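What the coordinates show
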Amino acid sequence: MVAPGSYTSVVVLTIVRSIQAPAGSSELVSLNSTSPAGITVSYSPASPIQLQSNANSNVTLIITASATASLGNETIKVQGVSGAYTQTATFTLRVVQYH
């Protein structure tokens with residue numbers, strides 16, 4: 001949940017390699033997102049993410065609601081792309097008014 005007016009929420013996304021890769025190899029995974037007006041999504045570490053052959057990678061999504069964000073449930077879609085492979089995660093963000 002976030003409130004309009006530059007409030008921030010943090011989500012940790014784990015990127016898992018779905019196919020075996022040769023030991024010592026790595027690949028770049030580019031992340032992009034779609035979000036409604038007034039909501040911004042950034043990543044830490046920044047995209048693209050270097051994914052090693054033998055390890056998962058955690059990415060922090062930093063979600064900020066500006067003063068123009070609409071109250072209610074909003075859909076955030078995050079897409080990871082590496083070569084010809086694409087994976088998408090969708091989740092709901094609730095924007096609430098704090099007094």
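These numbers were taken from a predicted model, which means no experiment stands behind them.

1. So, unusual backbone geometry
Pro45 follows Ser44 through a cis peptide bond whose omega is 0°. Examined against the element boundaries, Pro45 turns out to sit in the loop between β3 (39-44) and β4 (49-52). Between Ser47 and Pro48 the backbone carries a cis peptide bond, its omega angle lying at 5°. Tracing the backbone through its elements, the reader meets Pro48 in the loop between β3 and β4.

2. Structural notes on the confidence of the model for the chain
Overall, the prediction assigns the chain a mean pLDDT of 80, with 80% of residues at 70 or greater. Within the chain, the lowest mean pLDDT, 70, falls on strand β1 (residues 7-15), and the highest, 90, falls on strand β6 (residues 72-82).

Procedures and definitions
Residues numbered from 1 in each chain as written. Predicted model: local features only at pLDDT ≥ 70, side-chain atom pairs only at ≥ 80, totals over all residues. Heavy atoms only, no water. Helix = DSSP H or I, 4+ residues; strand = E, 2+ residues; numbered from the N terminus. pLDDT = per-residue confidence, 0-100.

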